[in-house]
Amino acid sequence: MLAGISADYYLRLERGRDRNPSVQVLDALAEVLQLDADSAAHMVELARPKSRRTQPPPRTERVPDGIAMLLDTFAVPAFVQNRCTDVLAANRLAVALSPHMAPGVNRLRALFTDPLAQQLHMDWEQGTAGVVAQLRAAAGAETDDPRLTQLVGELSLRSERFRRLWARHDIRRWEGATTRLRHPQVGELHLRREKLAITGSDGLLLVVHHAEPGTPSATALALLGSLSATEQEVTGAPHTGSGPGR
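Residues numbered from 1 in each chain as written. Predicted model: local features only at pLDDT ≥ 70, side-chain atom pairs only at ≥ 80, totals over all residues. Heavy atoms only, no water.

**Brief notes about the overall build of the chain**
Then step 1. Scanning the chain for helices and strands turns up 11 helices and five strands.
Then step 2. When the 246 residues of the chain are sorted by exposure, 41% land in the buried category.
Then step 3. In the chain, of all internal contacts separated by at least 6 residues, the share reaching a separation of at least 24 is 56%.
Then step 4. Of the accessible surface of the chain, which amounts to about 14200 Å², a share of 53% is contributed by carbon and sulfur atoms. (Helix = DSSP H or I, 4+ residues; strand = E, 2+ residues; numbered from the N terminus. Buried < 20%, exposed > 50% of the residue type's maximum accessible area, 1.4 Å probe, protein only. Contact = heavy atoms within 4.5 Å. Areas by Shrake-Rupley, 256 points an atom, 1.4 Å probe, with all protein chains shown as cover.)

So, in structure tokens, the structure goes:
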């Protein structure tokens, strides 16, 4: 009634019997349901008619050479992930900050199934809610992506918290935020996390962690960089450049 549509029409929309609501109807529903901007945009995307043309094959998830080179120039932790949160490439300091930032790791799976993740992330509950909402936003209308379907199915079976969060249908766009970590070597870190879209790629993100200059976290991050460099010199371990996606 508040949206100016009949109950029968609303039920048809909910049950998928009418797949082409007008923009006016969508705007009215978004206002009545008090959706924020991200959720309203997601709803419009879901309702957009799909092209009947054959979809082009997905682009290979390859980290551009320039981005791979750029990772090595950063004096802060940085890595590249795809829309399913698989880490495709990372610099040495990212891996020193967390083993869950190493190439080949799925960050979502690690966050919900590895007990070390909850110990490392001081805001674990808030972080898990955010990353699930971001995953749903990144998936958009491509909810039949086989990789996404497999990941969601696996985590729904393995993690009650993931199952509940995914069922909430929260939407949040990839964006920067502050994260608090408790590192076993350098202690507590308050870091900014920036997520930058890599143009010309199929949804790849460059994720960078950095600290405010002059803070204890900046000092701790610099110490971590020195420790990881020393460890590499002592062990002779090769640089952790990229994983299978490169």
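**Comments concerning the side chain of Thr128**
Then step 1. Along the chain, Thr128 turns up in helix H8 (residues 124-139).
Then step 2. By relative accessible area, Thr128 is classed as buried at 0%.
Then step 3. Discounting residues that sit within four places of it in the chain, Thr128 has contacts with Leu111, Phe112, Arg161 and Leu165.

**Regarding the sheet that holds strand E5 (residues 205-210)**
Then step 1. In spatial order, the strands read E2-E1-E5-E4-E3; together these five strands make up an open sheet with antiparallel pairing. Of all the strands in the sheet, the pair left with one neighbour each is strand E2 (87-90) and strand E3 (177-183). In this sheet, adjacent strand axes meet at a mean angle of 30° when their direction is disregarded.
Then step 2. In the sheet, strand E4 (residues 187-197) pairs with E5 via six bridges, with the strands oriented antiparallel. From the neighbouring strand, Ala197 faces E5, where its bridge partner is Leu205. (Pairing = 2+ DSSP bridges. Axes fitted to C-alpha atoms, helices over the stretch in contact; angles between N-to-C directions.)

**What about the packing of helix H9 (residues 146-158) against helix H10 (residues 160-167)?**
Then step 1. The contact between H9 and H10 brings their axes to 5 Å, and the two run at 125°. When the interaxial angle is binned, H9 and H10 end up oblique. In this structure, the crossing between H9 and H10 has a hand that is left-handed. Contacts from Val152, Leu155, Ser156, Leu157 and Arg158 of H9 reach H10 at Glu160, Phe162, Arg163 and Trp166.
Then step 2. Of the residues that constitute the contact of H9 with H10, the class distribution is five nonpolar, one polar and three charged. (Parallel < 35°, antiparallel > 145°, perpendicular 65-115°, else oblique. Left-handed = near helix turned anticlockwise from the far one by under 90°. Nonpolar A, V, L, I, M, F, W, Y, C, P; charged D, E, K, R; others polar.)

**Topic: the environment of Val208**
Then step 1. The residue Val208 is located in strand E5 in this model.
Then step 2. With 137 residues separating them in the primary sequence, Val208 and Leu71 have C-alpha atoms 9.4 Å apart.
Then step 3. Ignoring anything within four residues of it in the chain, the contact list for Val208 reads Phe74, Val76, Pro77, Ala78, Arg192, Arg193 and Glu194.

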